[in-house]
Structures are given as structure tokens and as C-alpha cells.
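# Coordinate analysis (summary)
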Amino acid sequence: MQMTVVEAWIEGPLKRFVVDAGAELALLLHPSGQVLAQHGFARAVDVMSACALAAGIHASSSELGRQLDGRPFRGLHHAGRTRQIFLAEAQSPRGAFVFLTVFGQESSLGLVRLYFEELVNGLAAAAPPVEAITGPALAEHFERDLNRNLAVLFGRA
Amino acid sequence: MSARPFSSILDALTRQRWVTAALVVSERDGIVVESNLQIGQSGDRVAALAASLYRKARLSAKAAGLGAVSFMQLEAPGGRICAVGGGDLVLVVVAEPAVNVGLVRVELLRAVAELLAVGGEVA
């Protein structure tokens, strides 16, 4: 399954994560829900749904953490019968990202957490200088930007 | 119930000469259940990778028709990792190269029965 990224600097660290952790699916997105990179998804509509759900879960679990513990929860894990989900915030010099991955019985939560730490370090090291960053996703441009990113990921740009 | 149900097993293992760490790890999750570590050792990393290695060794042995894995040893220039499994738990020992592997093996195999007993109580 092919990996596609909106910004080239994400590809190296994400590829290493997928290989090392044995992840089936991986998704890196902005907390607003804008997709930045994907691995393992076949359809743009699935990426769009996963991004919307991941952003929603991240926002609500962060707020739940703030209410309960005074600070946002950073990671979430759900174990299904054959597949598991790990969702966490990845801090980088370019701000916070949300990372979602799905893994099966070939991997484990311990491995995913271990290589997630390396992914975060890899993204921090690979991120371009802050002055080269294009502006943040604005609400009025959200749909346009989302469609542009999906088109880049699925070859319709 | 004790907050450290496996402490007697881990203490017995880390009392062995040249043993630097002992961990009880969930085989399925690769997460540390309980550990005796020295300062600076990364229990989470060792646990995740050793559990993955043990699981793959167990599945390989099964696929090859060799039966259950009783003892796994990894030898590296800087030391050894030894592991035995009991139920869903894996007992992992990290040791320096000079360690008496035979003694560690005996201790680990002896500890498995206790691990299963305590693991059953905890579950």
C-alpha cells in the first residue's frame, strides 16, 4: 500500500514508523482535521472520514483531560478483537499534529508507543524552518485546503 | 493485593550477579507490568522489543513444529537478553556479558511457575 504526503519532509519519519512498528494504517493530520500524510488508505473519502473522527476524538479527549487532570490527555488506545488504534498528539517545531495509526497482531502497543516517540523526534528533526511555513489553516479555507490535500494524496492534483 | 505482585520474582532475578534488569512484560501489548531497573535503563523500550522478539520466536517455533519456546536468549557484544513466557506474560532479564547464563536460565524457569501463579491471582 502506498504512502502519500502533502509535504515531503514528513515522508521519511513516517515511512520509518510504518516499517518499524508494523502499522497497517497511519494518518498525520493537523488538529483542525486537515490531512498531511497517509499510509494504507485506498480512498480519499476514507481519509476524510478518519481525519474528521481523529480530530474530533483528539479535541474531546484533550478537553476531558483538562477537566479531569488539568492538562490534555496525550494518547488514546483502543484494542479491538484483531486490530488496535493508537491516537496521539505529536508536538513539532511546526506546532501540534494528530497522529492516528491502526495495527494488527503483528505489532503491539509497546512497539507503537516506542516508534511513535521516534516519529515525533524524526518529525522535529526533519521539519523545515519556521519562517518557511505557509499560514495556518483558516476556517474559511478549510474545505478548499482539505480538497487540495486529498487531491495531492490521491493523485488528482 | 500488593501494588508489586511480582516483586519477589524480580528481586530473586536481579540478585543474580551481572543481572542489570528484570521485567515482567505483557506479551501481547509489549507493556511493562512490573520491573526492577537501574537508573538510566529504558524499561519501556526493552519491554516492547523483547516481548515482540519473544512472541515472534514462539510463533516461529510453533510454525516449525518445534513446540513451545521454553527459554530464549539473545547475545550481543554488550550483554544478553533472556526471556521465558508464562501465559500472556514474559519474564525478561537483561544481563552483562559475564553473566552465568545457566544460572539465569534455571532461575527464569523456576520463576515461570510463580509467574503463572501470581498472574492467575492478579487476573
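For the structure itself, look to the data block above.
Read on for a plain summary of the structure. (Residues numbered from 1 in each chain as written. Chains lettered and ligands numbered in written order. Predicted model: local features only at pLDDT ≥ 70, side-chain atom pairs only at ≥ 80, totals over all residues.)

### Overview of the overall build of chain A
Formally: Note on conventions: DSSP H or I runs of at least 4 residues are helices, E runs of at least 2 residues are strands, and numbering of each starts at the N terminus. Atoms counted for the radius of gyration: C-alpha only. Globule rule: 2.2 Å times residue count to the power 0.38. By the convention adopted here, residues are in contact when the distance between their C-beta atoms, placed from the backbone, does not exceed 7 Å.
From N to C terminus, chain A includes four helices and six strands. Secondary structure of chain A in N-to-C order comes out as β-α-β-β-α-β-β-β-α-α. Compactness check: chain A gives a C-alpha radius of gyration of 15 Å against a globular reference of 15 Å for 157 residues, within 12% of the reference. Projected onto its principal axes, the C-alpha positions of chain A cover 40 × 35 × 30 Å. Across chain A, every contact between residues at least 6 apart in sequence was considered, and the portion connecting residues at least 24 apart equals 57%.

### Topic: the interface of chain A and chain B
Going by this rule: In this classification, Asp, Glu, Lys and Arg are treated as charged, Ala, Val, Leu, Ile, Met, Phe, Trp, Tyr, Cys and Pro as nonpolar, and every other residue, Gly included, as polar.
If you look at the interface, chain A gives five residues, while chain B gives ten residues. The residue inventory of the side of chain A that touches chain B, partitioned by class, reads three nonpolar, two polar and no charged.

### Notes on the pairing of strand β5 (residues 89-95) of chain B
Residue and element names in this part refer to chain B. So the rule is basically this: Remark: C-beta atoms are placed from the backbone, and a residue is labelled buried if 20 or more other C-beta atoms sit within 10 Å of its own, exposed if 12 or fewer do, or partly exposed between those counts. For two strands to be treated as a pair, DSSP must find no fewer than two bridges joining them.
Counted residue by residue, β5 has seven buried out of seven residues, so it is predominantly covered. Residues Leu-89, Leu-91, Val-93 and Ala-95 of β5 are buried on one face, and the alternating residues Val-90, Val-92 and Val-94, pointing to the opposite face, are buried as well. As judged from the seven bridges shared by strand β4 (residues 79-86) and β5, these two strands associate in the antiparallel manner. Within the sheet, the bridge partner assigned to Gly-85 lies in β5 and is Val-90.

### Observations regarding the sheet that holds strand β5 (residues 84-92) of chain A
Residues and elements named next belong to chain A. Applied cut-off: Simply put, an axis is a line fit to the C-alpha atoms, just over the touching stretch for a helix, and the angle between two N-to-C directions goes from 0 to 180 degrees.
Taken in spatial order, the six strands of this open sheet run β1-β3-β2-β6-β5-β4, and their pairing is antiparallel. Across the chains shown, the open sheet's two edge strands, defined by having one partner strand only, are β1 (3-5) and β4 (75-79). Taking the axes of each pair of neighbouring strands and ignoring which way they run, one obtains an average angle of 15° across the sheet. In this structure, β4 lies alongside β5, joined through five bridges in antiparallel fashion.

### Side note on the packing of helix α3 (residues 109-126) of chain A against helix α2 (residues 43-63) of chain B
Short version of the rule: When an angle is under 35 degrees it counts as roughly parallel; over 145 it counts as roughly antiparallel; between 65 and 115 it counts as roughly perpendicular; any other value is oblique. A clockwise turn of the near helix away from the far one marks a right-handed crossing, whereas an anticlockwise turn of less than a right angle marks a left-handed crossing.
In contact at an axis separation of 8 Å, α3 of chain A and α2 of chain B are set at 130° when each is read in the N-to-C sense. In terms of their interaxial angle, α3 of chain A and α2 of chain B are classed as oblique. Here the hand of the crossing between α3 of chain A and α2 of chain B comes out left-handed. Here Gly-110, Leu-111 and Leu-114 of chain A of α3 of chain A lie close against α2 of chain B, whose contacting residues are Asp-44, Arg-45, Ala-47, Ala-48, Ala-51 and Ser-52 of chain B. Grouping the amino acids of the contact of α3 of chain A with α2 of chain B by side-chain chemistry returns five nonpolar, two polar and two charged.

### Here's the deal with helix α1 (residues 11-21) of chain A
Residue and element names in this part refer to chain A. Let me state the cut-off plainly: Regarding the arc, it is the one traced by the directions from the helix axis to the C-beta atoms.
For α1, the set of buried residues is Pro-13, Leu-14, Phe-17, Val-18 and Ala-21. Seen along its axis, α1 keeps its buried residues to an arc of 135°; they face one direction. The inward-facing, buried residues of α1 abut β1, β2 (23-29), β3 (35-39), β6 (95-103) and α3. Two residues or fewer past α1, Gly-22 is found with a positive phi of approximately 65°.

### Some remarks on α2 of chain B
Think of an α-helix as turning once every 3.6 residues; residues three or four places apart then point the same way. The line we're drawing: Expected helix span is given by 1.5 Å per residue-to-residue step, counting one fewer step than there are residues.
With 21 residues, α2 of chain B should cover 30 Å at 1.5 Å per step; its first-to-last C-alpha distance of 30 Å lies within 8% of that length. Among the residues of α2 of chain B, those classed as buried are Val-46, Ala-47, Ala-48, Leu-49, Ala-50, Ala-51, Ser-52 and Tyr-54 of chain B. Structurally, α2 of chain B contributes buried residues whose contacts are with α3 of chain A together with β1 (19-26), β2 (32-36), β3 (72-76), β4 and β5 of chain B. Backbone geometry just downstream of α2 of chain B places Gly-65 of chain B in the positive-phi region, at approximately 70°.

These values are about where atoms sit, not about what they do.
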